[in-house]
Amino acid sequence: MTKSVNLNGAVVAITGGARGIGLATAKALTVAGARVSIGDVDLELAQQEAKKNGLHAARLDVRDPASFAEFLASTEAALGPLDVLVNNAGIMPMGGFLEESPGLSDAQIDINFRGVIHGMRAALPGMLTRGRGHILNIASLAGRFAIPGASIYCGTKFAVVGMTEAVAGEYRDSGVNFTVIMPSAVSTELTSGTSEASKGMLPVVSPEDVANAIVSAIRAPRLMVAVPDYLNKAHALYGLMPQGLVDAGRRFLDDRRLLSKLDHAAHAGYDRRIKGLTR
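Engineer: So what's going on with the sheet that holds strand E2 (residues 35-40)? Which residues, and what values?
Structural biologist: Strand order across the open sheet formed by seven strands is E3-E2-E1-E4-E5-E6-E9, with parallel pairing between neighbours. The open sheet has two edge strands with one neighbour each: strand E3 (56-59) and strand E9 (224-227). Within the sheet, the average angular offset between the axes of one strand and its neighbour, ignoring direction, is 20°. Across four bridges, strand E4 (residues 84-87) lies against strand E5 (residues 133-138) in parallel orientation.

The following block contains the structure:
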């Protein structure tokens, strides 16, 4: 890791910034002195939040490289050269692997993984030219611990973790920092209806907890950040355990509860919204 970005006056772009982790991060970074631009496919909501919180807002569909380029161009025209990109946009359908529609699987791959690729390719050249910057990709602990009932989601998050580490290696001497943020279960609309399914398996954190971890990672750069932080050590130990012990532990915890205990009524609103993103 190289020198950290000074957040006082820094220009930050956040994808999926109209709600949840993205909006909490925008607020936290604004308090830290940054000038923040939020991009979201829901432009009306993004503009409402921008007006309330002193942000810049623009429409962004992370699935479209041209849309991403336009978002960053709008951000830089309004605020100045980009210092930090937070690739936050993501969706999480839940259910059985064979029951998930191909369209919904494609939407996850396009938003959760390709969207991060598009963002890095759009932001990185300018940062490399200036010799400074920071790209933070929001993955999940599901990018380290596979969760039955969220198979495609896990696949996209494993991909984000691996890609971030590889790109960081390519550009380790460039002056640009890279971080992958891996939250536990976050109390947002995305995890609605999962309280019984996840009880005793993963700690629940707030969007503000994740936002604070992002601010800290910009100030003191690290490649991998779990939220809560102690789960970094848990993952290291998990990787050392023999597969038989891992399987026994998963059976003891009933790690397939998401398939049987998801509250579909509580999750219905989120399901309807993300199904509107399928092509």
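Alright, that's what it looks like, and here's the rest.
Engineer: Account for the packing of helix H3 (residues 65-79) against helix H4 (residues 102-130), with residues named and values stated.
Structural biologist: The contact between H3 and H4 brings their axes to 9 Å, and the two run at 40°. In terms of orientation, H3 and H4 fall into the oblique class. Of the two possible hands of crossing, H3 and H4 adopt the one that is right-handed. Contact residues: H3 offers Pro-65, Phe-68, Leu-72 and Glu-76, while H4 offers Gly-115, His-118, Gly-119, Ala-122, Ala-123 and Arg-130. When grouped by side-chain class, the residues that make up the contact of H3 with H4 number five nonpolar, three polar and two charged.

Engineer: Can you explain unusual backbone geometry? Please cite residues and give values.
Structural biologist: Apart from glycine, the bulk of residues carry a negative phi angle, and the bulk of peptide bonds sit in the trans form. In this structure, Pro-228 follows Val-227 across a cis peptide bond, with omega equal to 0°. Inspection of the secondary structure puts Pro-228 in the loop between E9 and helix H8 (231-240).

Engineer: Residue-level account of helix H5 (residues 151-170), with values.
Structural biologist: With 20 residues, H5 extends 29 Å from end C-alpha to end C-alpha; this agrees with the ideal 28 Å at 1.5 Å per step. For H5, the full list of buried residues reads Ile-152, Tyr-153, Cys-154, Thr-156, Lys-157, Val-160, Val-161, Met-163, Thr-164, Val-167 and Ala-168. Packed against the buried residues of H5 are H4, E5, strand E6 (176-183) and E9.

Engineer: Outline the side chain of Glu-100, supporting the account with residue identities and numerical values.
Structural biologist: Checked against the element boundaries, Glu-100 lands in the loop between E4 and H4. A distance of 2.5 Å separates a polar atom in the side chain of Glu-100 from a polar atom in the side chain of Ser-105. Not counting residues up to four positions away in its chain, the partners in contact with Glu-100 are Pro-93, Ser-105, Gln-108 and Ile-152.

Engineer: Let's hear about the packing of helix H1 (residues 20-31) against helix H7 (residues 207-219): which residues, and what values?
Structural biologist: Relative to each other, H1 and H7 sit at 50°, their axes nearing to 8 Å. Considered as vectors, H1 and H7 are oriented oblique to each other. Crossing of H1 against H7: the hand is right-handed. Each of Gly-20, Ile-21, Ala-24, Thr-25, Ala-28 and Leu-29 in H1 lies in contact with H7, whose residues at this interface are Pro-207, Glu-208, Val-210, Ala-211, Ile-214, Val-215 and Ile-218. Here the contact of H1 with H7 is built from residues that sort into ten nonpolar, two polar and one charged.

Engineer: So what's going on with the pattern of salt bridges? Which residues, and what values?
Structural biologist: Using the criterion set out here, one finds seven salt bridges in the structure. The partner of Glu-76 in a salt bridge is Arg-130, with the nearest N and O atoms 3.8 Å apart. Placement of the pair is Glu-76 in helix H3 and Arg-130 in helix H4, with a sequence separation of 54 residues.

Engineer: Requested: an account of the nonpolar core, with residues and values cited.
Structural biologist: Counting residues in each nonpolar core, the largest one holds 47 residues, and the members touching the most others are Leu-72, Leu-82, Leu-85 and Phe-178. Contributing elements (two or more residues each) for this core: strand E1 (11-15), H3, H4, H5, E6, E9 and helix H11 (264-275). Counting 37 residues, the second-largest nonpolar core is a separate cluster that includes Val-5, Leu-7, Leu-23 and Leu-55.

Engineer: Describe the environment of Leu-85, with residues and values.
Structural biologist: Note that Leu-85 resides in strand E4. Along the sequence, Leu-85 and Ala-13 sit 72 residues apart, while their C-alpha atoms lie 4.9 Å from each other.

Quick notes on the rules
- Residues numbered from 1 in each chain as written.
- Predicted model: local features only at pLDDT ≥ 70, side-chain atom pairs only at ≥ 80, totals over all residues.
- Heavy atoms only, no water.
- Pairing = 2+ DSSP bridges.
- Helix = DSSP H or I, 4+ residues; strand = E, 2+ residues; numbered from the N terminus.
- Axes fitted to C-alpha atoms, helices over the stretch in contact; angles between N-to-C directions.
- Parallel < 35°, antiparallel > 145°, perpendicular 65-115°, else oblique.
- Left-handed = near helix turned anticlockwise from the far one by under 90°.
- Contact = heavy atoms within 4.5 Å.
- Nonpolar A, V, L, I, M, F, W, Y, C, P; charged D, E, K, R; others polar.
- Expected span 1.5 Å × (residues − 1).
- Buried < 20%, exposed > 50% of the residue type's maximum accessible area, 1.4 Å probe, protein only.
- Polar contact = N/O pair within 3.5 Å; in protein donor to acceptor, adjacent residues only side chain to side chain.
- Salt bridge = Lys/Arg side-chain N within 4 Å of Asp/Glu carboxyl O.
- Core = buried A, V, L, I, M, F, W, Y, C linked by side-chain atoms within 4.5 Å.

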